[in-house]
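# Structure assessment
Listed below are the residues making up each chain.
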Amino acid sequence: MDGITVVSLEHAIAAPFCTRQLADQGARVIKIERPGSGDFARGYDSRVKGMSSHFVWTNRSKESLALDVKAPESAEVMDRLLSRTDVLVQNLAPGAAARLGLSFEALHAKYPRLIVCDISGYGMGGPFQDKKAYDLLIQSESGFLSVTGTPDEPSKAGASIADISAGMYAYSSILSALLLRATTGKGSRIDVSMLESMVEWMGYPMYYAFNGATPPARSGAAHATIYPYGPFPSGDGGTIMLGLQNEREWTVFCDKVLGRPELAQDERFASNGARTAHRTELRALIVEIFGGLTRDRIIDLLEGAQIANASVNDMQGVWDHAQLRARARWTEVDSPVGRLPALWPPGSNEAYTARMDAIPAVGQHTEAILAELGLAAAKTGTGLAADRLAGTRLADTGLADTGVNHPAPRRGED
């Protein structure tokens, strides 16, 4: 995505996660932040050498422009910036972008090639259009909590999956819009709803409950409708996560792992539906057998039978994961607090290397960006005053470099 410029009015996770992926692929991402405090996700915690874990995760390889977009003086800055921008991304409060004159309808006539991606809780139109939304609220509204947790209590996901899903759909939709513009020459509007992103992910439990049928029961870390599929204790106090997907695997599991081949023909367990219906009895049998074995021995038996299994890792276990280390999936990025570890983006391409540049401080690139726009900044307590610099003009082909590294693509034949 070298040569693509993205401007983002973003905060929290959904939009920053989207634009960080664009930056990973080489796009220039200019993050507009409130002067002084910046993106409020900067203050979520201070776990990474004083920086927020959320912010470190979603904001590498971006440039930070501190700008009070509500101030009249910002209009010329935005005009010059958008005239050389390919994609505008925003996840401001409902209606805020339109009030700032930054709706697609207001911008399209002036910047016909500009793609505008709006990320909101519920999307444009409908009775929930102006309703505020955060990750946990959308997990609840989408029905996710109703099928997650234990029989006694629902649980949220441990990661921000509603934000992540919206960010992923925004990212892929922007790529599609860029392909469309290459054909039509015109920009388009993308409307991403967090609710709709999560409801798409709820497809299996929704269809399982089709036409008034009973929905999947909350089953903790076990699968609600496939069994055995989940965690089981070993005799030495460990935990093994295993999963069976078909009847062939069930037969092998009974023979080579449990040492009870007759169970494969037991009518209580003869199909996945039967095993799910009799999961209490089956779990008791498995726990009894596993209770006489160590965790390592159970894993050896599962591997020998080619039954899928996994360790139940904590966060340190993931940092130390042998597979990630063997595949050299960790690198480092700069930040205002020094070098920090970062995972290379999934989906590596042999033809080029993803960009892994610094996490910016608030307003770190303000002066450089304004200078290339032909403006000088006089900072005030609440915003920015801009004065035209005589004789300075924008480049005809795009914005100039402001110190953020944009490595050339690594092509297969170069």
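A short tour of the structure in this document, coming up. Because the structure is predicted, anything quoted here is derived from the model rather than measured.

## As for the pairing of strand β2 (residues 28–33)
Within β2, six of the six residues are buried, which leaves it mostly tucked inside the rest of the structure. Burial along β2 is two-sided: the residues Arg28, Ile30 and Ile32 and Val29, Lys31 and Glu33 are all buried. Of the strand pairs in this sheet, strand β1 (residues 5–9) and β2 are connected by five bridges, and their pairing is parallel. By the bridge assignment, Ser8 is partnered in β2 with Lys31. In this fold, β1 hands off to helix α1 (residues 14–24), which returns the chain to β2; that crossover is right-handed. Two strands pair when backbone bridges link them, and β2 and strand β3 (residues 62–66) are joined in this way by five bridges, in the parallel orientation. Looking at the pairing, Val29 lines up with Lys62 of β3.

## Observations regarding the sheet that holds strand β8 (residues 239–243)
In a beta sheet, neighbouring strands are held together by backbone hydrogen bonds and run either parallel or antiparallel to one another. The sheet built from three strands is open, its strands ordered β7-β8-β9 with antiparallel pairing. At either margin of the open sheet sits one strand with a lone partner, and together these are β7 (229–233) and β9 (308–311). Direction aside, the axes of adjacent strands within the sheet are offset by 30 degrees on average. Its contacts with the sheet put helix α12 (residues 279–290) on β7 and β8, and the angle it makes with β7 is roughly 40 degrees.

## Section: the packing of aromatic side chains
When we look at a pair of aromatic rings, we describe it by the centre distance and by the angle of the planes. The full count for this structure, using the stated rule, is nine aromatic pairs. Measuring from centroid to centroid gives 5.1 Å for Tyr122 and Phe128, while their planes differ by 85 degrees, and the two rings are edge-to-face. A relative accessible area of 7% places Tyr122 in the buried class. Residue Phe128 is classed as partly exposed on the basis of its relative accessible area of 33%. For the ring pair Trp250 and Phe269, a centre distance of 6.3 Å and an interplane angle of 70 degrees mean the geometry is edge-to-face. Of this pair, Trp250 sits in helix α10 (residues 247–257) while Phe269 sits in the loop between α10 and α11 (272–277), and the two are 19 residues apart along the sequence. Both residues of the pair, Trp250 and Phe269, count as buried.

## Focus on the packing of α1 against helix α7 (residues 161–184)
Two quantities define a packed helix pair, namely the angle between the axes and the distance from one axis to the other. One can describe the packing of α1 onto α7 by two numbers: an axis separation of 7 Å at closest approach and a directional angle of 45 degrees. The angle between the axes of α1 and α7 places the two elements in the oblique class. As for the relative orientation of α1 and α7, their crossing is right-handed in sense. Contacts between α1 and α7 pair Ala14, Phe17, Cys18, Gln21 and Leu22 from the former with Asp163, Ile164, Ala166, Gly167, Met168, Ala170, Tyr171, Ile174 and Leu175 from the latter. A per-class count over the contact of α1 with α7 returns eleven nonpolar, two polar and one charged.

Criteria and thresholds
Residues numbered from 1 in each chain as written. Predicted model: local features only at pLDDT ≥ 70, side-chain atom pairs only at ≥ 80, totals over all residues. Heavy atoms only, no water. Buried < 20%, exposed > 50% of the residue type's maximum accessible area, 1.4 Å probe, protein only. Helix = DSSP H or I, 4+ residues; strand = E, 2+ residues; numbered from the N terminus. Pairing = 2+ DSSP bridges. Right-handed = clockwise from strand over helix to strand, strands pointing away. Axes fitted to C-alpha atoms, helices over the stretch in contact; angles between N-to-C directions. Contact = heavy atoms within 4.5 Å. Phe/Tyr/Trp six-rings, centres within 6.5 Å; stacked < 30°, edge-to-face > 60°. Parallel < 35°, antiparallel > 145°, perpendicular 65-115°, else oblique. Left-handed = near helix turned anticlockwise from the far one by under 90°. Nonpolar A, V, L, I, M, F, W, Y, C, P; charged D, E, K, R; others polar.

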